[in-house]
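Listed below, chain by chain, are the residues.
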Amino acid sequence: MRKLPLAAAAFVLAGTAPALAEHCPKDMLAAMENRLSADGTAVAYKTDPAKIAVGKPFSIEVVACVDGAAATAPTRIRVDAGMPMHGHGMNYTPSEKKLGPGHSKFDGMVFHMPGAWQITFDVYEGDKCRRLTEKVKIGR
Amino acid sequence: MSVPRPLRRLLWPLLAAGFFLTSAAAAADAPVSFTDDEKALILSHGPWPVKTGPDPSNRVSGDAAAIAYGKALFESPDLAIDRGRSCATCHVPELGHGDGKPLGVGRVRVDRNTMPLFNLRLNTWYGWDGKSDNLWAQSIAPILDPRELGMTPEELQPRIAETPALANPYRDIFGADVTDHDAETAMVNIAKALAAYQETLTSGRSAFDRFRDALAADDAAEIASYPAAAQRGAKLFVGRGRCDLCHFGANFTNGEFHDIGLPHFPEQGRVDKGRYGGILVLRRSRYNLLGPFNDDAGRTTAGFTRHVRLTQRNWGEFRVPSLRNVTQTAPYMHDGSKATLADVVRHYSDILEERLHQDGEKLLRPLNLTDGEIADLVAFLRTL
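Residues numbered from 1 in each chain as written. Chains lettered and ligands numbered in written order. Predicted model: local features only at pLDDT ≥ 70, side-chain atom pairs only at ≥ 80, totals over all residues.

Bringing the overall build of chain A into the picture now. On a plain count of helices and strands, chain A comes out with two helices and nine strands. Starting at the N terminus and ending at the C terminus, chain A contains elements arranged as α-α-β-β-β-β-β-β-β-β-β. Buried residues in chain A amount to 41% of all 140 residues. (Helix = DSSP H or I, 4+ residues; strand = E, 2+ residues; numbered from the N terminus. Buried ≥ 20, exposed ≤ 12 C-beta atoms within 10 Å, placed from the backbone.)

Another point: the pairing of strand β8 (residues 115–125) of chain A. In this structure, strand β4 (residues 76–83) of chain A lies alongside β8 of chain A, joined through seven bridges in antiparallel fashion. Residue pairing across strands places I77 of chain A opposite V123 of chain A, the latter belonging to β8 of chain A. (Pairing = 2+ DSSP bridges.)

Attention now goes to the domain arrangement of chain B. Residue and element names in this part refer to chain B. By domain assignment, chain B separates into domain 1 (31–49 + 205–274 + 315–384) and domain 2 (64–198). Of note, the centres of domain 1 and domain 2, computed from C-alpha atoms alone, are 30 Å apart. Taken together, the 21 residues of domain 1 in the interface contact 21 residues of domain 2. Broken down by class, the residue content of the side of domain 1 that touches domain 2 amounts to seven nonpolar, ten polar and four charged. (Domains from an automatic or database assignment. Contact = placed C-beta atoms within 7 Å. Nonpolar A, V, L, I, M, F, W, Y, C, P; charged D, E, K, R; others polar.)

Before going further, it helps to examine the sheet that holds strand β7 (residues 103–109) of chain A. Residue and element names in this part refer to chain A. Across the sheet, which stays open at both edges, the five strands sit in the order β1-β2-β3-β7-β6 with antiparallel pairing between neighbours. Unpaired on one side and paired on the other, β1 (34–38) and β6 (95–100) mark the two borders of the sheet. Neighbouring strand axes in the sheet, compared pairwise and without regard to direction, differ in orientation by 20° on average. Relative to β7, strand β3 (residues 58–66) runs antiparallel, the two sharing five bridges. Considered in β7, the bridge of E61 is made with K105. (Axes fitted to C-alpha atoms, helices over the stretch in contact; angles between N-to-C directions.)

Quick look at the interface of chain B and chain A now. Contacts between the two partners involve 21 residues from chain B and, on the opposite side, 19 residues from chain A. In terms of residue class, the side of chain B that touches chain A is built from seven nonpolar, six polar and eight charged.

Let us now look at helix α9 (residues 207–217) of chain B. Residue and element names in this part refer to chain B. Burial in α9 covers these residues: F208, D209, F211, R212 and L215. All buried residues of α9 lie within an arc of 160° about the axis, which places them on one face of the element. Packed against the buried residues of α9 are α2 (36–43) and α10 (220–224). (Arc of directions from axis to C-beta.)

For residues that are not glycine, phi is negative in most cases, and the peptide bond is trans in most cases. Omega for the bond connecting D48 of chain A with P49 of chain A falls within 30 degrees of zero, at 0°, which places this linkage in the cis form. Note that P49 of chain A resides in the loop between β2 (41–48) and β3. Each neighbour pair has its own omega, and for A330 of chain B with P331 of chain B the value is -5°, a cis peptide bond. For P331 of chain B, the location among the structural elements is in the loop between β2 (318–319) and α14 (341–349). A positive phi angle is found at H97 of chain B, which is not glycine, with a value near 60°.

With that settled, the discussion passes to the sheet that holds strand β5 (residues 88–89) of chain A. The strand order β5-β4-β8-β9 (chain A) describes an open sheet built from four strands, whose pairing is antiparallel. Of all the strands in the sheet, just β5 and β9 (128–138) of chain A have a single pairing partner and so form its edges.

This is how it looks when you write it as C-alpha cells:
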C-alpha cells in the first residue's frame, strides 16, 4: 500500500473527475481539487494540508449544491469518514465552520491508521439527504 | 569400505536427520530479501530519534532548571501523603521506568499495568485510557489518586513550602513562593516541572534503527549484521502480521486506542471502561488543553481534545503502547496479563475473535503463526 497525496488517490480511485451537476455555480466548485457528483448533487472539496498523514489533523473545505431547475445551496452538509474494512469510523468528530451558502470548512479530521478510508459527504436539502462517498488510500 | 547391514540401517536415518538439520540451520541463517514495498514499510519506522520541541502548553518545558527540579520532585517522597513512596517507586529507571509488576502498586494495587515513560513528547494521549491530553495533567493524576500518592492540592502546597530543597527551586522557576500561589496553581506548576523532567526520558538508537538506516543506504554489511531471525520478524511485522497498522511509524504506535480482545474486568462485577472512561475524565478535567491552565493562549495543540469522539466501541479500548525498549517493559498489556513477548505474539496468533466488540475492529484475526514465526517476531521486537 503506497502513500499517495489525497488528490492523486482520489483521481486513481474515481477514474476521472466526474462532471459537475449542470446548474451548479462552476466558479465556486472549480476552485476545489476534488469533485464528486451523483443524482443531481455535486460536491467539491480540498484538504489542508493537501497530503493527509496518519495521525495528523487536517481540514476539508467543501462546496456542495443540489441541482434542480436552478442550482440551490444545500441546507446542511455533514462530513465524516471511516474504514469500512475495519468497521470503524474516525476517533474524532469534525467541527463545521460555515463559509457561505453550501460552503463549509470542517476541522479536526484525523485518519488514525493507514489503509483504505472512505470520506462521506451528506448533503441535505430539507429532510432529504444524499450521500456521496470518496475512497482514499492513506499510506504508511 | 563395506558397512555391515545392521549398521547401515542405523546410519541412513542419522545421515538423513543430519541433512535435515543442516538444511534447517542454513535456512535459518539464509539472507533475508525484502521487496520494495517491504523496504518502504520498514523505512517508515524511522528515522530515529524524532525531533521534538518544547510543549507549548507548559511554559517550563525544556527549561534546564525545571527539568532538574522535576527530577527532584519525581524522586521525592514528600509528594505522597504518607511519605511512603515517590513517582520513582513505580517508575523505576532500571525497569524501563515501569515497575516490572503486572499491576501497579501504590498505597494499594491499581487496576492497570504501570506504563513506561519513554519518548513522552511524541504522545497525543497519556495513560492506558488517554484520560490526559498533556503530560502535566497526567502527572497530576497519581498525586491526587488516593490509591497512589493520595494528596490534595491543599496538602501538597505546605509540603513543598516546608522543604527548602523543593521550595527554593519553585520560587526560582515560577517567580513566587509556593505559598504565594493558590494551592491548585501550585500543584499544576509542580506537575509542569515533573513533565519537563519526564520529557527528557528518551530511548536511544537501537539495533533496529541501525538496520533501518542500513536498509535506506543499501549498506549490505550493516544489514547482514542484523540477526536473520529479526529480519524475518520484520517481514512478518509489516507483512502478514500487519502489526504496523497500529504500531505505526518511528515510535511504533499510532497513539490511539483499540480493542484487542483482552478481558476488561479487573475483578468480578467491576469493569474497566478503558477509553470510554478516559474520554469522560478528559472532558471533565480542568487540566485538559481546553482548560485554564494551558500556557498556550492559542490552544494550538488542543484540536484532538476539542474533536475527540465518544462512542460505545470505546469500551474495552486501550492505548496502543510504543514498542521501543519493549524488552524493558514486561509484563505487557493494560492488565499486565502477558509475562513475555512470546506470550504477546501468541495472543495475536491465537486471538479469540468472539472476544472483540461486535461493532469494533474487524482488523484482528488469528495469525496462526508457527513456533518459528513467533520466535522471529520476538527476535525483531527485542531489537527495537
